[in-house]
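Residue strings, one per chain:
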Amino acid sequence: MSTHAAARVAAPTRREQILREAARLFAERGFHGVGVDEIGAAVGISGPGLYRHFPGKDAMLAELLVGISERLLEGGRLRVSEDAARGDGSPEALLDALIEGHIDFALDDRPLITLHDRELDRLRDTDRKRVRRLQREYVEVWVGVVRALYPALAENEARVTVHAVFGLLNSTPHLARPESRPDARPGREATAALLHRLARGAFAAAAEPA
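Keep in mind that what you see is a predicted model, and the values were worked out from it rather than measured.

*Asks:* Before we move on, can you summarise the overall build of the protein chain with the specific residues and values?
*Replies:* Scanning the protein chain for helices and strands turns up 9 helices and 0 strands. In the protein chain, the succession of α and β elements from N to C terminus is α-α-α-α-α-α-α-α-α. Taken against the 2.2 N^0.38 rule, which gives 17 Å for 210 residues, the C-alpha radius of gyration of the protein chain at 18 Å falls within 12% of a compact globule. Taking the principal axes of the C-alpha coordinates as reference, the protein chain spans close to 60 × 45 × 35 Å. Among the 210 residues that make up the protein chain, the fraction classed as buried is 40%. Partitioning the intrachain contacts of the protein chain with sequence separation of at least 6 by distance along the chain shows that 70% fall at a separation of at least 24. If you sum the accessible surface of the protein chain, you get close to 11300 Å²; carbon and sulfur atoms cover 53% of it. Seen as two clouds, the 30 positive and the 31 negative side-chain charges of the protein chain have centres 4 Å apart.

What follows is the structure, given as structure tokens:
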């Protein structure tokens, strides 16, 4: 079980339930198209009851976008530290682990990708800057691993390739959902394997001599 998946084994708290439903509704209908009462109804509590957990929708959006950036960075750093602790790891295996972790996010948290693309500018300036800083640090984790595996790849080229791979993996909100069209795309396992092959192919292509 991946680190990302293991974190989801425990039953979600009420706060986590609220955030999950808020993410889904914001992604489906836009931040301004969803009321507090609707979020409350989705988790079985009154709209005003949400204020025991969050001061408002803005706070929910900030926690969603800052929170996922923190989790991605923490997960990436954890994989690097676990690899270093084993002492017998390889850059290739570590890159595979990073890709697998990001694919878990891309397949399991698609509403957050949509939220980031549409609603990031709604965050307060301090929260938006925090998200951007966390994302830069996450990219640099990947750049270090990619250059360890492909030392001939220049740092700026590695960084561009990492961003391109993120764009590839984060395209999952545009995939047809199997519950709406069961034959539209492969199941989760096959989709994850395909995304992994595409990501590794992109890195290998970037490392080829011009």
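*Asks:* I'd like to hear about the pattern of salt bridges, residue by residue, with values.
*Replies:* Counted by the stated rule, this structure contains 20 salt bridges. The partner of Arg77 in a salt bridge is Glu137, and the shortest N-O contact between them spans 3.0 Å. Linking Arg77 in helix 4 (residues 57-86) with Glu137 in helix 7 (residues 125-149), this pair joins segments that are 60 residues apart in sequence. With a shortest N-O distance of 4.0 Å, Glu155 and Arg147 are connected by a salt bridge. Judged by relative accessible area, Arg147 falls into the partly exposed class, the value being 30%. Put simply, Arg20, Glu21, Arg24 and Glu28 are held in one network by salt bridges that share partners.

*Asks:* Talk me through the environment of Glu157; I want residue IDs and the actual numbers.
*Replies:* Within the element layout of this structure, Glu157 appears in helix 8 (residues 155-169). It is 45 Å that separates the C-alpha atoms of Glu157 and Glu38, two residues lying 119 residues apart in sequence.

*Asks:* Run through the nonpolar core, naming residues and quoting values.
*Replies:* The biggest cluster of nonpolar side chains holds 56 residues, and the ones touching the most others in it are Phe26, Ile39, Met60, Trp142 and Phe203. Counting residues per element, the ones that place at least two in this core are helix 2 (14-29), helix 3 (36-43), helix 4, helix 5 (91-108), helix 6 (110-119), helix 7, helix 8 and helix 9 (188-207). In contact with Phe26, other than residues within four places in its own chain, are Phe31, Val34, Ile39, Lys57, Met60, Leu64, Leu115 and Arg118.

*Asks:* Account for the side chain of Asp83, with residues named and values stated.
*Replies:* Counting through the fold element by element, Asp83 comes out in helix 4. In contact with Asp83, not counting residues within four places along its chain, are Gly89, Ser90 and Leu94.

*Asks:* I'd like a description of the environment of Trp142, backed by residues and values.
*Replies:* For Trp142, the position within the fold is in helix 7. Note: C-alpha distance between Trp142 and Thr161 (19 residues apart in sequence) is 10.0 Å. The residues contacting Trp142, other than those within four sequence positions of it, are Leu95, Leu98, Ile99, His102, Val162, Phe166 and Phe203.

*Asks:* Can you tell me about the packing of helix 4 against helix 5, naming the residues and giving the values?
*Replies:* Each pair of packed helices can be described by the angle between their axes along with the distance between the axes. Contact pair helix 4 / helix 5: the axes reach a minimum separation of 10 Å and the direction vectors enclose 155°. Looking at the two axes, helix 4 sits roughly antiparallel to helix 5. The handedness of the crossing between helix 4 and helix 5 is right-handed. In contact with Ile68, Leu72, Gly76, Arg79, Val80 and Asp83 of helix 4, helix 5 contributes Leu94, Ala97, Leu98, Gly101, His102 and Phe105. Along the lines of polarity and charge, the residues of the contact of helix 4 with helix 5 split into 7 nonpolar, 3 polar and 2 charged.

*Asks:* Explain helix 7 residue by residue, including any values.
*Replies:* Between its terminal C-alpha atoms helix 7 stretches 37 Å, which fits the 36 Å expected from 25 residues at 1.5 Å a residue. Of the residues making up helix 7, those classed as buried are Asp127, Val131, Leu134, Tyr138, Val139, Val141, Trp142, Val143, Val145 and Val146. Buried-residue contacts for helix 7 involve helix 4, helix 5, helix 6, helix 8 and helix 9.

Definitions and cut-offs
- Residues numbered from 1 in each chain as written.
- Predicted model: local features only at pLDDT ≥ 70, side-chain atom pairs only at ≥ 80, totals over all residues.
- Heavy atoms only, no water.
- Helix = DSSP H or I, 4+ residues; strand = E, 2+ residues; numbered from the N terminus.
- Rg over C-alpha atoms; globule rule 2.2 N^0.38 Å.
- Buried < 20%, exposed > 50% of the residue type's maximum accessible area, 1.4 Å probe, protein only.
- Contact = heavy atoms within 4.5 Å.
- Areas by Shrake-Rupley, 256 points an atom, 1.4 Å probe, with all protein chains shown as cover.
- Lys, Arg positive; Asp, Glu negative; His and termini not counted.
- Charge placed at Lys NZ, Arg CZ, Asp CG, Glu CD.
- Salt bridge = Lys/Arg side-chain N within 4 Å of Asp/Glu carboxyl O.
- Core = buried A, V, L, I, M, F, W, Y, C linked by side-chain atoms within 4.5 Å.
- Axes fitted to C-alpha atoms, helices over the stretch in contact; angles between N-to-C directions.
- Parallel < 35°, antiparallel > 145°, perpendicular 65-115°, else oblique.
- Left-handed = near helix turned anticlockwise from the far one by under 90°.
- Nonpolar A, V, L, I, M, F, W, Y, C, P; charged D, E, K, R; others polar.
- Expected span 1.5 Å × (residues − 1).

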